[in-house]
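A structural walkthrough
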Amino acid sequence: MSDDHVLVPVTRAVPGMVLSDELLDSHGVVLLAKGAVLSEAIIASLGRHHIDMVPVARVEAHRAPDATAVQARLDVLFRRHARDDDNDWAGNLLRRYVEDYRLERQVAP
Amino acid sequence: MMLTPGDLTRDLDDLPSLPAVVMELLGSVDQEDADLSLLAKKVALDGALTAKTLRLANSSAYGLQVKATTIGQAMAYLGFEATRNLIMAAAMTGCFPSGRCPSFDDKAFWRLSIATACCARVLARHLHFNQDVAFTAGLLHGIGQLVLVTRYPEQYDAVLRERARLDTDLLATERTMLGIDHVTAGVALAEHWEFSATLHQALAFYGQPETPGAGFLATIVHVANAVAHALDLAGDAHDVVPAVSSVAWTALGLSEEAWLHVFRETELQFEEMTAILLA
């Protein structure tokens, strides 16, 4: 099995996981095609077919956004909005919120 | 060459016309008694339009538990207004010919229009405003640009080149070089195509939502347009976030937490819709 696959016990499978290989039952009959997306119903049915492990595609590791690149792009997009312009507080607030969003900052509810 | 709104009205007759069924749908925006089954039958005659509309209806933005396989089903599941707006979105994005004005990036134009439509719809849901009307107004807010591109391609190309060279404001450059801007052109089109009064007001005032009588829809479209630019969804390297009216921003009254939700939902719906509409 290559690096982009991982075997997961059915008990730990969650909806949304994507099958990296076709899944056969004990008689060699195809139960699910490669690329099928697991749902609650499918996961429940796997147990009934006595399947313990499922091969799923490994999700690409989450990369932290590049703060410098995000800010540089926002500088371009917001070039008509001076940061020190008190009359443009709405524009600057929009910029700050988009920056928080792009940099995945935690925001107090 | 300087144009007047009068020239524009005359020249609108030469515009590519929308499919007849879409014209009927536009006319029915505020109509309570539109004949749904007849409209569904007419749309079904256009296979490509039906296919696109159904893909939109079955996208996750609408969260259908059962897939709609006919226009009639989509109307039953989503309601007439939502379906009508999806038909319009599917029809409009394929209606204007591209390529006659080299400096005009029609892909970026539609990406921005779809992003504005998605954001307006998300905002409308947060604010308990009619989501379908907001979606349509967002989608059509810049339609005047297509009028200018289609009707005066060479002149508009010069406007776009000048704007790119000096990084000037688009509306101001249009007024200086053409005598009219795309908001005026959009309003003329709204009259020509007999858009509803609500839509007409939103197209006329989304740039100045604080104008008395502009209406709340203009406020929604104004902010949705700014968000679409700020989220960089047009995919245009020279994009610029327009002025943001503090009056409009305050009127929406959303917390930062709510805004971050709006951004996320807008991006999700946008990705799905552009994949269908701009395939």
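Residues numbered from 1 in each chain as written. Chains lettered and ligands numbered in written order. Predicted model: local features only at pLDDT ≥ 70, side-chain atom pairs only at ≥ 80, totals over all residues.

**Things to note about the overall build of chain B**
The helix and strand inventory of chain B stands at 16 helices and 0 strands. In terms of overall size, chain B behaves like a compact globule, its C-alpha atoms giving a radius of gyration of 18 Å where 279 residues would be expected to give roughly 19 Å. Its C-alpha atoms give chain B principal-axis dimensions of roughly 50 × 45 × 35 Å. Burial status across chain B gives 45% buried among its 279 residues. (Helix = DSSP H or I, 4+ residues; strand = E, 2+ residues; numbered from the N terminus. Rg over C-alpha atoms; globule rule 2.2 N^0.38 Å. Buried ≥ 20, exposed ≤ 12 C-beta atoms within 10 Å, placed from the backbone.)

**What to know about the overall build of chain A**
Counting its secondary structure elements, chain A contains 3 helices and 4 strands. Along chain A, helices and strands appear, N-terminal first, in the series β-β-β-α-β-α-α. On C-alpha atoms alone, chain A measures out to a radius of gyration of 23 Å, which is more than a quarter above the 13 Å that the 2.2 N^0.38 rule sets for 109 residues. Taking the principal axes of the C-alpha coordinates as reference, chain A spans close to 70 × 30 × 20 Å. Considering only contacts within chain A whose residues lie at least 6 apart along the sequence, 59% involve residues at least 24 apart. (Contact = placed C-beta atoms within 7 Å.)

**Notes on the interface of chain A and chain B**
Each side of the interface is counted separately: chain A has 17 residues, and chain B has 18 residues. With 9 residues, the top contributor of residues to the side of chain A that touches chain B is helix α3 (residues 89-102) of chain A. Partitioning the side of chain A that touches chain B into residue classes produces 10 nonpolar, 2 polar and 5 charged. (Nonpolar A, V, L, I, M, F, W, Y, C, P; charged D, E, K, R; others polar.)

**Observations concerning the domain arrangement of chain A**
Quite often, the size of an interface is put as the accessible area lost when its parts meet. In terms of domains, chain A is made up of domain 1 (5-57) and domain 2 (67-102). Here the C-alpha centre of domain 2 of chain A lies 45 Å away from the C-alpha centre of domain 1 of chain A. (Domains from an automatic or database assignment.)

**Section: the packing of helix α7 (residues 106-126) of chain B against helix α16 (residues 256-277) of chain B**
Residues and elements named next belong to chain B. Where α7 meets α16, the axes come as close as 8 Å, and the angle between the chain directions of the two elements is 135 degrees. In terms of their interaxial angle, α7 and α16 are classed as oblique. The two elements α7 and α16 meet at a crossing, and its hand is right-handed. Contacts between α7 and α16 involve Arg111, Ile114, Ala115, Cys118, Cys119, Val122, Leu123 and His126 from the former and Ala258, Val262, Glu265, Thr266, Gln269, Phe270, Met273, Thr274 and Leu277 from the latter. When the residues that make up the contact of α7 with α16 are grouped by side-chain class, the tally is 11 nonpolar, 4 polar and 2 charged. (Axes fitted to C-alpha atoms, helices over the stretch in contact; angles between N-to-C directions. Parallel < 35°, antiparallel > 145°, perpendicular 65-115°, else oblique. Left-handed = near helix turned anticlockwise from the far one by under 90°.)

**Points about the environment of Val221(B)**
Relative to the elements of secondary structure, Val221(B) occurs in helix α14 (residues 216-230). When the C-alpha positions of Val221(B) and Tyr206(B) are compared, they lie 5.8 Å apart, and in sequence the two are 15 residues distant.

**Here's the deal with unusual backbone geometry**
Positive phi values are uncommon outside glycine, yet His50(A) reaches one of about 60 degrees. With respect to the element layout, His50(A) can be found in the loop between α1 (40-48) and β4 (53-57).

**Looking at the confidence of the model for chain B**
Scored by pLDDT, chain B comes out at a mean of 88, with 94% of its residues at no less than 70. Predicted as a complex, the structure gets a pTM of 0.80 and an ipTM equal to 0.88. (pLDDT = per-residue confidence, 0-100.)

**Quick word on the domain arrangement of chain B**
All names here are of chain B. Split by domain assignment, chain B resolves into domain 1 (19-92) and domain 2 (99-279). With centres defined by C-alpha atoms, the gap from domain 1 to domain 2 works out at 23 Å. Each side of the interface is counted separately: domain 1 has 18 residues, and domain 2 has 15 residues. At the level of elements, α2 (20-27), α4 (47-57) and α6 (80-92) are the ones that each hand at least two residues to the side of domain 1 that touches domain 2. With 7 residues, α6 is the single largest residue contributor to the side of domain 1 that touches domain 2.

**Structural notes on the nonpolar core**
Counting residues in each nonpolar core, the largest one holds 97 residues, and the members touching the most others are Ala115(B), Cys119(B), Ala120(B) and Leu123(B). Top element by residues in this core is α7(B). It accounts for 12 residues. Ignoring sequence-local partners within four residues, the contact set of Ala115(B) consists of Ala228(B), Leu231(B), Leu233(B), Ala234(B), Thr266(B) and Phe270(B). Of all hydrophobic cores here, the second largest spans 8 residues; its members include Met17(A), Leu23(A), Leu38(A) and Leu46(A). (Core = buried A, V, L, I, M, F, W, Y, C linked by C-beta atoms within 7 Å.)

**Examining helix α12 (residues 182-192) of chain B**
All names here are of chain B. Counted residue by residue, α12 has 9 buried out of 11 residues, so it is predominantly covered. Here α12 has its buried residues at His182, Val183, Thr184, Ala185, Gly186, Val187, Ala188, Leu189 and Ala190. Its buried side turned inward, α12 meets α1 (5-11), α9 (143-151), α11 (170-178) and α13 (197-205). Of the residues one or two after α12, glutamate 194 is the one with positive phi, at around 55 degrees.

**Considering the packing of α3(A) against α16(B)**
Closest axis-to-axis distance for the α3(A)/α16(B) pair is 10 Å, and the angle between their directions is 65 degrees. The way α3(A) lies across α16(B) gives a crossing that is right-handed. Contacts from Tyr97(A), Val98(A), Asp100(A) and Tyr101(A) in α3(A) reach Glu256(B), Trp259(B), Leu260(B) and Phe263(B) in α16(B). For the contact of α3(A) with α16(B), the per-class residue count stands at 6 nonpolar, no polar and 2 charged.

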